[in-house]
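The primary structure of each chain is shown beneath.
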Amino acid sequence: MQKVIIIGGGIGGLTLARACLDVGIEVELYEKRSLTEMLSGSGGIFIQRNAMRVYQLLWDGKISDRFSQQGGAILSGGFLSKSGEPLYINSPAFIRSENLGTCLLRSELQQILYEALPSGTVSTECAFESFEDSGDTVRVSFQDGSITTGTVLVGADGLYSPVRADLEHRDRLEPAIYSGTCCWRGYFEGSGVPLDARYSWGEFWGQSDRFGYFDVGGGRFSFYAFDNLPAGGNDEAEGGGLNALKSRFSDYASPVPEILVALANQTIYRDDIFDREPLGHEWGKGRVTLIGDAAHPVQPSIGQGGCMAIEDAFELVKRLNGAMVEDSIPLLLRQFEASRSDRVTRVFTTSRQVGKLGQAEGKIACLLRNWIYKLTPTWLADLQFKWLFDYVPNWDKT
């Protein structure tokens, strides 16, 4: 009898737990944060069509249905210049679909995924300490002294994954790679903001900074903004996050200044953007593997970080569901990792490329970037992203 132990209650871990239950695999999920903290989050998140296809399969499509009811459909949108001139606009038609997925507030997404699990599946305030792989089972110890045992351990515990650190025989992971960019996030009420009805999302590119927004349902919109700044900064010297945003983006084209006004009474989060170089074709060892940011953190430039964790979760359970004998599990885990390697590496590379373009600093470099995008036929520019939606999950749960 298989039993999967998951460390981490983010989007990857919660999705993995639901997928395990769908095929009859026993699962326990442990999260170091409190339940309230686990169900919180800054701003919104893109669940693009490739990841939504997973949710259409899980729990008889109930998660997909709830996402669609709660969130905002990803329709036409794209990149614009600081002055509001369209540079690249795509639509769901480029993948022959009604939409490109759904966007939700992170807190609402977490709540939906948590509610998709039976009571008792998730244990919060349980911080991972270490694991011991005996060859037949994995023994997991927590900082409060408790212990559990399973046949598979999955680290879904993020950028600074303690499970990955233990795999690498380290007390903590080496520092992640700073992108040179910090990010502000939050959401606002769309009422009264002159948003272009043609677009459900838009990202305005300036010189070393950019500002974006997207529909998260219920008349609400999430925003994000980037600037090239040293790591570890804060907005205290500028009088808070809103003042920091106004000093950078007030001269952007509408609706950016109006969005800044709508943010007056909203919480604004700021953090730095990091990633790590891909691990290659092996992420784990023995009966231990990793998914999502624990294995392959990427910059958020193309909105696929969470989507990759969702795909990971599905593909991992698909492999485990095919296990005929317990001895085959380590091999199946390595096969899972190898099967995901090329795709997540390409997402990593594309995310960095788009981030570099959006954050270009020199005036000439920005003019050249904008000029190239404007002159590139939409069908050709679409090819940069079309491959993302080629992923079509399927499985036989019997």
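In this report, the structure presented in the accompanying data block is examined. Because the structure is predicted, anything quoted here is derived from the model rather than measured.

1. Considering the environment of I95
Structurally, I95 is set in the loop between β6 (86-90) and β7 (101-105). The spacing of I95 and F226 is 131 residues in sequence and 28 Å in space, taken between C-alpha atoms. In this structure, I95 is in contact with R49, L100, K386 and F389, ignoring residues within four places of it in sequence.

2. A word on the sheet that holds strand β17 (residues 269-275)
A sheet is described by the order of its strands in space; here seven strands give the open sequence β6-β5-β14-β15-β16-β13-β17, paired in mixed fashion. Two strands close off the open sheet at either side, each with one partner strand: β6 and β17. Between one strand axis and the next, the sheet turns through 20° on average, direction left out of account. Sheet analysis places strand β15 (residues 209-217) next to strand β16 (residues 220-228), joined by eight bridges and oriented antiparallel. Across the sheet, residue F214 finds its bridge partner in β16, namely S222. Contacts between helix α11 (residues 363-375) and the sheet are confined to β5 (77-81), β6 and β14 (201-205), with β6 contributing the most and set at about 45° to the helix. The strands that helix α12 (residues 378-386) touches are β5 and β6; relative to β6, the one it contacts most, it runs at about 70°.

3. Let's talk about helix α7 (residues 241-249)
Among the residues of α7, those classed as buried are G241, L242, A244, L245, R248 and F249. All buried residues of α7 project into a common sector of 160° when viewed along the axis, lining one side. Those residues of α7 that are buried are in contact with β13 (177-189), β15, β16 and α8 (256-262).

4. Some points on the packing of helix α9 (residues 305-321) against helix α10 (residues 329-358)
Two elements in contact, α9 and α10, have axes separated by 9 Å at closest approach and are oriented at 155°. Judged by the angle between their axes, α9 and α10 are roughly antiparallel. Seen along the crossing, α9 lies across α10 with a hand that is right-handed. For the pair α9 and α10, the contacting residues are M308, E311, D312, E315, L316, R319 and L320 in the first and I329, L332, L333, Q335, F336, S339, R340, R343, V344 and V347 in the second.

5. Examining the packing of aromatic side chains
Tallied over the entire structure, the rule returns 22 aromatic pairs. Measuring from ring centre to ring centre gives 6.1 Å for F79 and Y373, while their planes differ by 85°; the resulting arrangement is edge-to-face. Of the two residues, F79 sits in strand β5 while Y373 sits in helix α11, which places them 294 residues apart along the sequence. The exposure class assigned to F79 is buried, which follows from its relative accessible area of 4%.

Analysis parameters
Residues numbered from 1 in each chain as written. Predicted model: local features only at pLDDT ≥ 70, side-chain atom pairs only at ≥ 80, totals over all residues. Heavy atoms only, no water. Helix = DSSP H or I, 4+ residues; strand = E, 2+ residues; numbered from the N terminus. Contact = heavy atoms within 4.5 Å. Pairing = 2+ DSSP bridges. Axes fitted to C-alpha atoms, helices over the stretch in contact; angles between N-to-C directions. Buried < 20%, exposed > 50% of the residue type's maximum accessible area, 1.4 Å probe, protein only. Arc of directions from axis to C-beta. Parallel < 35°, antiparallel > 145°, perpendicular 65-115°, else oblique. Left-handed = near helix turned anticlockwise from the far one by under 90°. Phe/Tyr/Trp six-rings, centres within 6.5 Å; stacked < 30°, edge-to-face > 60°.

It is worth stressing that arrangement in space is one thing and function is another; only the former is reported here.
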